[in-house]
Amino acid sequence: MSTRTFGEPVKRNEDRRLLTGQALFIDDVELPGMLHAALLRSQAAHARILKIDVRRALQRTGVVAAYAAGDLGDYWQPGPVLVPPPPIAGIIFNARTQVPLAKEKVRHVGEPLVIVIAESRYIAEDALDDIDVELEQLPAVVDLEQALGDGSALVHDDVGSNVSAHVRQTKGHYAAAAAQADHIIRRRFHYEHGISSPIETRGVVAQWDGRANQMTIWDTTQAPVFVRNGLAGVLGLNERQVRVIAPFVGGGFGPKIMMFYPEEVLLPWVSMQLNRPVKWIEDRLEHFFATTHERGQIHDAEIALTKEGRILGIRDVFLHDGGAYDPYGLTVPINSQCTLLGPYVVPNYDSTFTQVFTNLPIVTPYRGAGRQHGVFVMERLLDFAAHELNIDPAEIRRRNLIPPEAFPYKNEIIYQDFAPLEYDSGNY
Amino acid sequence: MDRDDHDITLVVNGSSTLRRVESRMLLSDFLRHELGLAGTHVGCEHGVCGACTILFDGEPVRACLMLAVQANQHEISTIEGLASKDGEYHPLQQAMHDHHGLQCGYCTPGILMTMSAYLRENPSPTEAEVREALSGNLCRCTGYQNIVDAVMAAANRMRV
Amino acid sequence: MKPAAFKYIAATSLAQALALKSEHGDEAKFLAGGQSLIPTMNFRLARPAILIDINGIGDLAGIRPSAQTTRVGALTRYRALQRDPALARQFPLIGEALPHIAHPQIRNRGTIGGNLSHADPASELPAITLALGARFRVQALERERWIEASDFFVGGLTTDLAPDEMLVEIELPLLLPRTGTCFMEIARRKGDFAIAGVAAVVTLDDQDQCSDIRLTLCGVGETPIDASAAAALLSGQVPSEAAVRDVAAAVQAMIDPGGSVHATPDYQRHVAGVLTERALHLAYQRVRHGQG
């Protein structure tokens, strides 16, 4: 057996095409007769839709079509819940997923109202100005704590609150542990809302061939097979009629793994309606509200310690900003909840989170997918503990690391893989 | 308003071309979609990311901040013209490959065009100078260190 | 983010450009470097009906030194300014500010005239020209006038230019002998808009006492701020640490920064004071060590 890779530096196979400008990225797809899409997006974070009138847009030279939610007929439906909630006792989960075009209400800035199809993107953008939209602005839900207070506007009226999910998981008995503690530290931690900003934005090209009964879709997706399967279903095609091609992608980072974005759902349908290929390329301005976000948590955390800096227990209550819809279930906050425990012995843990609906773009996994939030809280608590107990910061961690003989180490609480969290091996 | 079209003649990667373009067509869109030179990438359309950097009369400029009509009677160089006609890499391309200076590769053409012009004028830069010269090109994947290493290595090789 | 439609005209002479601007007024915009105009057009924040490309008017560019002044054509690109050895020698203040302007690619196209006409409150060159006591030559089809830098910048993104006028030339008086200069700026990242910037021009008499000081700031108001009156505290003195600190405090008291997503007004005020102290000290030392 010879070694081809072990111990050898390996050069990449894909570099030549990338270095010479020959790699196919989504906006490089050019098809005969291809049309271009632009979306009219809400400028209001929260509003009732009173009127959408596209007639003037349709009169503009070069505009081929303009569709609002009502034009989609039965095709209009909320997207699937991509990750169902894990089987945790007492869990609350209110599934409300994103829609292809807003109907009745818009719930975040950038939510699409109309898709315009034209001979060029330039003309499509011209046509956006021709569309008459009347929105009745509603108070925007942005502050996580106020969102849960009495009298807050509701992102989803039929939920009755802005609770997207509520989960409490415990291990051992924190209150008893805290009663024994020599030292308790309480802090509030803010983790700011952010976005991933790949240099390449998103895009979709859909080409329906009515004679061959074949749909080909190019998509800046990290999950082409799932997207293929799901779109085949909603389009009423079988999977062998649909091909989803993920070309070279200019940075995925997680938001490009979110599936059934409005544009992914719309473009194939439009192509079928018009029997022509259609392209939509997200521009940088759109990207800030059309592609999913991450982060945004407030933790009220408490750590109970002996005077030698041994962790007796941790209690954490946190709010997670899920945005206007929750297609990704609880993945991100569950990761925060579970990863907070880290490589340390935490005999008693009481963690509660509320995922909050807000009038902001949807939050889905991005690089770390919530784990870093848990790590931030734990590591800061240990830093504060080190400072207040006058123990070296490295030493306090060493005292709490899970010892090698304790593996496989059971942390008991349910993780995003639906099973109790267990570390199978380790020697820190 | 009737479409405001103009005839333009320009040299792109050494070849002269004559086209009719709408005045508002951005140079980036012209290169990518009219000429099919899709190696120049669009990242922001407002001049901050550098992905669309090309050479205009030999100088690095943002293609998204120029109109195609402005290229009339001028010379453009894009990434497609950087390697030699038989495919042999420019030293910068080789160095980027050797030093793993690209991951997704989307920012790479802009960086190559910027640095090829830079090294032509500054054959012996310090690392600090290279970082300064790179400051107009954003990369979200690599963290820049390998790109800097690649440029320094290419400069070394080109001085020989 | 594609621009709205417009009619494009590549002017071949200044007269033609001015005639078009005279005819169309605010409906027309001059296209020089385009590094500020085109982004605003791509965002559709600006929608000129007519775009007058002046890049073909060669006479509008050039650096023309003479005995008392240097005249810089408005179409001169930042890059040309950076590369001119005489300009670097005679006006190191400009050379020191240029690397802070955006990035190399922008500097290959952007022009001094475009920058000054755009009058961004965070922009360095307005404060620099103010510190240097520059005059601007402005032309319309049938008239010409000179405007002092102190009268040119009237508000955020607003100059004294009438709808039919173009800035065509910047006249920089040569610095007096024994003058040291310094420009400093703080931004979140190199090339970003200034959170605060200070330009100091310090002239000494033969006892090394300050005989004339010009002090201006960018980024802390709607226009560049002339804080020379605050710096007059140093007149007739060798600047001590305490005196310079007093000037910095006076500067902090006279500005009213608006804050932004990158910095609170308090931070801008604090940093303006710090930069004032540093710039004054450095400008003074530079004369002492031979810059002037």
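Keep in mind it's a predicted model, so treat the numbers as computed, not measured.

Colleague: Sorry, what's going on with the overall build of chain B here?
Modeller: From N to C terminus, chain B includes 5 helices and 5 strands. Listing each helix as α and each strand as β along chain B from the N terminus yields β-β-α-β-β-β-α-α-α-α. A globule of 160 residues ought to have a C-alpha radius of gyration of about 15 Å, and chain B, at 16 Å, matches this closely. By principal-axis analysis of the C-alpha atoms, chain B measures approximately 50 × 30 × 25 Å. Within the span of chain B, comprising 160 residues, buried residues form 54% of the whole.

Colleague: For this particular structure, what's the right way to read the sheet that holds strand β7 (residues 143-148) of chain C?
Modeller: Within a sheet, neighbouring strands are paired by backbone hydrogen bonds and run either parallel or antiparallel to one another. Residues and elements named next belong to chain C. Taken in spatial order, the 5 strands line up as β4-β5-β10-β6-β7 in an open sheet, and their pairing is antiparallel. At either margin of the open sheet sits one strand with a lone partner, and together these are β4 (63-65) and β7. Sheet twist, expressed as the mean angle between neighbouring strand axes with direction ignored, is 20°. In terms of strand pairing, strand β6 (residues 135-140) meets strand β10 (residues 166-173) through 5 bridges, oriented antiparallel. When the sheet's bridge partners are listed, Phe136 is paired in β10 with Ile170.

Colleague: Can you help me understand the sheet that holds strand β3 (residues 50-53) of chain C in this one?
Modeller: All names here are of chain C. Strand order in the open sheet formed by 3 strands is β1-β3-β2, and the pairing between neighbours is parallel. Lying at the two open borders of the sheet, with one neighbouring strand each, are β1 (7-10) and β2 (28-31). The mean angle between the axes of side-by-side strands here comes to 25°, regardless of whether they run parallel or antiparallel. Both β1 and β3 contribute to a ladder of 4 bridges, which runs parallel. If you follow Ile9 over to β3, its bridge partner there is Ile52. The strands touched by helix α1 (residues 14-24) within the sheet are β1, β2 and β3, with β3 carrying the most contacts at an inclination of about 165°.

Colleague: Would you mind going over the interface of chain B and chain C with me for this structure?
Modeller: Quoted interface sizes are often the accessible area lost when the parts come together. Residue-level contacts link 22 residues of chain B with 22 residues of chain C. When residues of the side of chain B that touches chain C are assigned to their parent elements, the largest contribution, 4 residues, is made by strand β4 (residues 59-62) of chain B. When the residues that make up the side of chain B that touches chain C are grouped by side-chain class, the tally is 7 nonpolar, 10 polar and 5 charged.

Colleague: Help me understand unusual backbone geometry, please; the structure alone is not making it clear to me.
Modeller: Backbone phi values are negative for most residues with the exception of glycine, while trans is the configuration of most peptide bonds. Cis geometry is adopted by the peptide bond preceding Pro408 of chain A, which originates at Phe407 of chain A and carries an omega value of -5°. Inspection of the secondary structure puts Pro408 of chain A in the loop between α11 (393-400) and β17 (409-414). Backbone geometry at Asn13 of chain B places phi at a positive 50°, although glycine is not the residue there. Its place among the elements puts Asn13 of chain B in the loop between β1 (5-12) and β2 (15-22). A positive phi angle, near 50°, is found at Ala102 of chain C, a position not held by glycine. Mapped onto the elements, Ala102 of chain C comes out in the loop between α5 (92-97) and α6 (104-109). The exposure class assigned to Ala102 of chain C is buried, which follows from the 23 C-beta atoms found within 10 Å.

Colleague: How do you make sense of the interface of chain A and chain B when you look at a structure like this?
Modeller: Listed by partner, the interface residues are 23 residues for chain A and 29 residues for chain B. The element that contributes the greatest number of residues to the side of chain A that touches chain B is helix α1 (residues 15-19) of chain A, accounting for 3 residues. The residue makeup of the side of chain A that touches chain B, split by class, is 9 nonpolar, 6 polar and 8 charged.

Colleague: Explain the domain arrangement of chain B here, please?
Modeller: All names here are of chain B. Examined at the domain level, chain B breaks down into domain 1 (5-81) and domain 2 (91-159). The set of elements that each furnish at least two residues to the side of domain 1 that touches domain 2 consists of β3 (53-56) and β4. By residue number, the principal contributor to the side of domain 1 that touches domain 2 is β3, which donates 3 residues. Its residues placed into classes, the side of domain 1 that touches domain 2 shows 7 nonpolar, 6 polar and 1 charged.

Colleague: When you look at the packing of helix α2 (residues 91-98) of chain B against helix α5 (residues 145-159) of chain B in this model, what are you seeing that I'm missing?
Modeller: Helix-helix packing: each pair is described by the crossing angle between the helix axes and the interaxial distance. All names here are of chain B. Direction vectors running N to C along α2 and α5 enclose 135°, while the axes themselves pass 8 Å from each other. Put simply, α2 runs oblique to α5. As α2 packs across α5, the resulting crossing turns out to be right-handed. From α2, Pro91, Leu92, Ala95, Met96 and Asp98 reach across to α5, where they touch Ala150, Val151, Ala153, Ala154, Arg157 and Met158. Counted by class, the contact of α2 with α5 contains 9 nonpolar, no polar and 2 charged residues.

Colleague: Whenever I open this one, the domain arrangement of chain C confuses me. Can you help?
Modeller: All names here are of chain C. Splitting chain C by domain gives domain 1 (7-53), domain 2 (62-173) and domain 3 (179-288). Relative to domain 3, the C-alpha centre of domain 2 lies at a distance of 20 Å. On the side of domain 3, 20 residues touch domain 2, which itself brings 23 residues to the contact. For the side of domain 2 that touches domain 3, the elements supplying multiple residues, two or more each, are α5, α8 (124-131) and β8 (153-155). The element best represented in the side of domain 2 that touches domain 3 is α8, accounting for 6 residues. Looking at side-chain class alone, the side of domain 2 that touches domain 3 contains 14 nonpolar, 7 polar and 2 charged residues.

Each value, and the rule that gives it
- Residues numbered from 1 in each chain as written.
- Chains lettered and ligands numbered in written order.
- Predicted model: local features only at pLDDT ≥ 70, side-chain atom pairs only at ≥ 80, totals over all residues.
- Helix = DSSP H or I, 4+ residues; strand = E, 2+ residues; numbered from the N terminus.
- Rg over C-alpha atoms; globule rule 2.2 N^0.38 Å.
- Buried ≥ 20, exposed ≤ 12 C-beta atoms within 10 Å, placed from the backbone.
- Pairing = 2+ DSSP bridges.
- Axes fitted to C-alpha atoms, helices over the stretch in contact; angles between N-to-C directions.
- Contact = placed C-beta atoms within 7 Å.
- Nonpolar A, V, L, I, M, F, W, Y, C, P; charged D, E, K, R; others polar.
- Domains from an automatic or database assignment.
- Parallel < 35°, antiparallel > 145°, perpendicular 65-115°, else oblique.
- Left-handed = near helix turned anticlockwise from the far one by under 90°.

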